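# Secondary and tertiary structure notes
Here's the letter readout for the chains.
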Amino acid sequence: MTTMTSTRLADGRELIYFDSAPDAAKRRRDTAPSDGRQLDPRGGGTGEARFDVLTGEWVAVAAHRQNRTHLPPADECPLCPSDGVRQTEIPSGYEVAVFENRFPSFGPQLGALPAPDDAPAVRAPAYGRCEVISFTEDHVGSFGSLPFERVRTVVDAWAQRTEALSAMTGVQQVFCFENRGAEIGVTLHHPHGQIYAYPFIAPRSAGMAKLARRHYLRSGGLETLTSSALAAERTDGERMIVEGNHFSAYVPFAARWPLEIHLVPHRQVPDIAALTGEERDELAELYPQLLRRLDNLYNSPTPYIAAWHQAPVAHDFRPSGHLHLQLTSPRRAEDKLKYLAGSEAAMGAFINDTAPEDTAARLRAADTA
Ligand SMILES: [Zn+2]
C-alpha cells in the first residue's frame, strides 16, 4: 500500500513523497522537515512554445535551462536528501520523491495553446508541467538494481502522477521516462526519471494515436493495434524476450535502434494509472529484469532511454490507446554508439545496422541475475 504526502519547497514548487513503509508518512509529519533554503520565487512563465508551420509541430524554446545543474559531484547532488550540512531539493529521507523541476521545459503556467494555423510565428507560453522523480535516496545504483518493493512504489507513483497531471488544465499527454547514462545527455547521476505533462500531443504520439484509432475502428472495437502487434510477435516467437501472465517483452519487427525492447500489457489499458494491482506487481518484476539484461550485454552499463507511451488525454484516443514501454539504446558495440545523422535526424528515416532477431537472441541469453 503506497501512501502519498504532498508539501511545498521554499519557492512554492510541489514535492510529493511516495512511501511503502506504513509509518513513513507519520514519522515525516512528526519531524516536519521543511525546505529551509532561500530560493528566488518562481517566475510566471519561463519558456515558450512556438509552432513550426512546415511540420505542424510545436517546439519548446527553453533558453533558461542553459544554467541548470550539470553532472554535479556526489556532494552537490540535488536529489540526495538534505542532511545537517547541506540542503537539497528533498528535505527529508525518502523512498520515492517527485517534485516540480526547477528548470522546466514546460510550465509552471497552465493553459491551452492557441489552435495553430498556417500563420507564421504563432507562439504561446510553454504551458504544462515538468516533474523529476527520484527512485531512491541512494546516490549510486540504477533502476535495474532496485528491490521489487521499491519498483512497485515507483509504479504507483507513475500511476498517481499520470492521473493527477492528466486532470490539469490544458494538459494533453503525460510522458514518464528515464534517460540513463552520460552518453545520452544525462545531467545527474543519481537514479531518477522525469515526467512531462505536455500542452499538446507529442508529434510521434499524434501519428501513432491516429493509426491506432483507425485500426481499432476497422476491427469494430475488438482489437488495438498494439495488441495485434503483440499477438503477431508471440505467434512468430523469434523476437520474444519474455512472456508473463500480464506483460510480455519483445524486440519489435521493425526496431529502429541497435537495442530496442517493447514491454506491453496483454490487456488494453490507456495508461499506467489503469493497471490493476496484479498487473503492477508483474511489471515491477519484469521491467528491472529487462534493464539488467541490457546491462549484462557488455562489461559496462548500457545507456538507455525508457519511454512510456501512454494514450493522449483526449477521450477519442483512450479506447484505442494501448500502454507500452519503448526501451532503446544507441549502443551498437562495447565502445560504439549509433548517432542520429542525416537520414535519421533530418528525414526521420532510421537505418538499423543490427538484425532485430539477433538482438532478441542476445537479450534472451543475457543472464538476469
Ligand atoms: Zn544523489
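Since this is a predicted model, take the numbers as computed values, not measurements.

Conventions adopted
Residues numbered from 1 in each chain as written. Predicted model: local features only at pLDDT ≥ 70, side-chain atom pairs only at ≥ 80, totals over all residues. Heavy atoms only, no water. 1 Å grid on protein atoms, 1.4 Å probe; cavity = no way out; pocket = protein on both sides within 12 Å on 5 of 7 lines; lining within 4 Å. Points joined across faces, edges and corners; volume = space filled by probe spheres on them. Helix = DSSP H or I, 4+ residues; strand = E, 2+ residues; numbered from the N terminus. Salt bridge = Lys/Arg side-chain N within 4 Å of Asp/Glu carboxyl O. Buried < 20%, exposed > 50% of the residue type's maximum accessible area, 1.4 Å probe, protein only. Donors = N, O, S within 2.8 Å, 3.2 Å for Na, K, Ca; no water. Tetrahedral: all angles 85-135°; square planar, octahedral: opposite > 155°, others 65-115°. Phe/Tyr/Trp six-rings, centres within 6.5 Å; stacked < 30°, edge-to-face > 60°. Lys NZ or Arg CZ within 6 Å of the ring centre and 35° of its normal. Expected span 1.5 Å × (residues − 1). Pairing = 2+ DSSP bridges. Axes fitted to C-alpha atoms, helices over the stretch in contact; angles between N-to-C directions. Contact = heavy atoms within 4.5 Å. Polar contact = N/O pair within 3.5 Å; in protein donor to acceptor, adjacent residues only side chain to side chain. Disulfide = S-S within 2.5 Å. Core = buried A, V, L, I, M, F, W, Y, C linked by side-chain atoms within 4.5 Å.

Turning to the layout of surface pockets, a few remarks are in order. Each pocket or cavity is described by its volume, and for the second largest pocket that value is around 770 Å³. Considering the residues around the second largest pocket, the lining is formed by 30 residues, among which Met 208, Leu 225, Thr 226, His 262 and His 324 are closest to the centre. For the lining of the second largest pocket, the secondary structure elements donating two or more residues are α3 (203-218), α4 (225-236), β12 (259-265) and β14 (324-329). Among the elements that make up the lining of the second largest pocket, the one with the highest residue count is α3 (six residues).

Turning our eyes to something else, we now look at the pattern of salt bridges. Per the counting criterion, the structure on display carries 26 salt bridges. Of the charged contacts, one joins Asp 11 and Arg 13 as a salt bridge, the two residues approaching to 2.9 Å between their closest N and O atoms. The pair Asp 11 / Arg 13 is uniform in exposure class, with both members buried. Among the ionic pairs, Arg 331 bridges to Glu 334, the shortest N-O distance being 3.6 Å. Bridged by salt links that share partners, the residues Arg 8, Glu 14, Glu 100, Arg 129, Glu 131 and Arg 161 form one connected network.

For the zinc ion, every protein donor is listed as Cys 77 (SG), Cys 80 (SG), His 139 (ND1) and His 190 (ND1), and the spread of their distances is 2.1 to 2.3 Å. Around the zinc ion sit four donor atoms, and with donor-metal-donor angles ranging over 102 to 119° the site reads as tetrahedral. Each donor residue of the zinc ion lies on the same chain, and together they follow the pattern C-x2-C-x58-H-x50-H. Just as Cys 77 is buried, Cys 80 falls in that class too.

Our focus in this paragraph is the packing of aromatic side chains. Enumeration over the complete set of coordinates arrives at 17 aromatic pairs. Note on Phe 135 and Phe 143: the rings are 4.7 Å apart at their centroids and 80° apart in plane angle, and the pair reads as edge-to-face. For the pair Phe 135 and Phe 143, a shared accessibility class is recorded, and that class is buried. On the numbers, 6.5 Å between centres and 85° between planes, the contact of Phe 135 with Trp 158 is edge-to-face. With Phe 135 in the loop between β7 (129-134) and α2 (148-166) and Trp 158 in helix α2, this pair connects stretches of sequence that are 23 residues apart. Taken together through their ring pairs, the aromatic side chains of Phe 106, Phe 175, Phe 177, Tyr 196, Tyr 198 and Phe 200 make up a single cluster. We note Arg 28 situated over the ring of Tyr 17; from NZ or CZ to the ring centre the distance is 3.7 Å. Taking the ring centre of Phe 350 as reference, the NZ or CZ of Arg 256 above it sits at 5.5 Å.

Moving on, we come to α2. Taking 1.5 Å of rise per residue, 19 residues should cover 27 Å, and α2 covers 27 Å from first to last C-alpha, within 8% of that figure. Extensive coverage of α2 is indicated by the burial of 14 of its 19 residues.

Spatially, the three strands line up as an open sheet ordered β4-β3-β6, and their pairing is antiparallel. In this open sheet, the two strands that pair with only one neighbour each are β4 (57-61) and β6 (123-125). If you compare each strand with its neighbour and ignore which way they point, the axes differ by 30° on average. Sheet topology places strand β3 (residues 48-52) next to β6; three bridges connect them, and they run antiparallel. Across the sheet, Ala 49 pairs through a bridge with Ala 124, a residue of β6.

Taken in spatial order, the eleven strands make up an open sheet running β1-β2-β5-β7-β9-β8-β13-β14-β12-β11-β10, and their pairing is antiparallel. The open sheet terminates on both sides in strands that have one partner only, identified here as β1 (3-8) and β10 (240-243). Strand-to-strand twist across the sheet, computed as the mean angle between neighbouring axes with direction ignored, equals 20°. Sheet topology places β12 next to β14; five bridges connect them, and they run antiparallel. Pairing of Glu 260 across the sheet is with Thr 328, part of β14. The strands touched by α4 are β10, β11 (247-250), β12 and β14; relative to β11, the strand with the most contacts, the crossing angle is about 70°.

What follows covers the side chain of Arg 331. Of note, Arg 331 is situated in strand β15 (residues 331-333). Assessed through its relative accessible area of 4%, Arg 331 is described here as buried. At 2.8 Å, the side chain of Arg 331 and the backbone oxygen of Glu 334 are in polar contact. Residues in contact with Arg 331, not counting those within four places in the same chain, are Pro 258, Leu 259, Tyr 298, Ser 300, Pro 301, Thr 302, Pro 303, Lys 336 and Leu 337.

As a further point, take helix α5 (residues 277-295). Relative to the 27 Å expected for 19 residues at 1.5 Å per residue, α5 spans 28 Å between its end C-alpha atoms, a close match to the ideal helical length. Taken together, the buried positions of α5 are occupied by Glu 279, Arg 280, Glu 282, Leu 283, Ala 284, Leu 286, Tyr 287, Pro 288, Leu 290, Leu 291, Arg 293 and Leu 294.

Time to look at the state of the cysteines. Summed over all chains, the structure comprises zero disulfides. Sulfur of Cys 130: no disulfide; nearest cysteine sulfur belongs to Cys 176 and is 12 Å away.

Here the focus is the nonpolar core. Within soluble globular proteins, side chains that are nonpolar generally end up buried alongside one another. The biggest cluster of nonpolar side chains holds 51 residues, and the ones touching the most others in it are Ile 133, Phe 143, Trp 158, Tyr 287 and Leu 327. Excluding anything up to four places from it in sequence, Ile 133 contacts Val 96, Ala 97, Val 98, Val 154, Ala 157, Trp 158, His 192, Gly 193, Gln 194 and Ile 195. Trp 58, Phe 106, Phe 177 and Tyr 196 belong to the second largest nonpolar core, which has 17 residues in total.

Function cannot be inferred from these measures alone, as they are strictly geometric.
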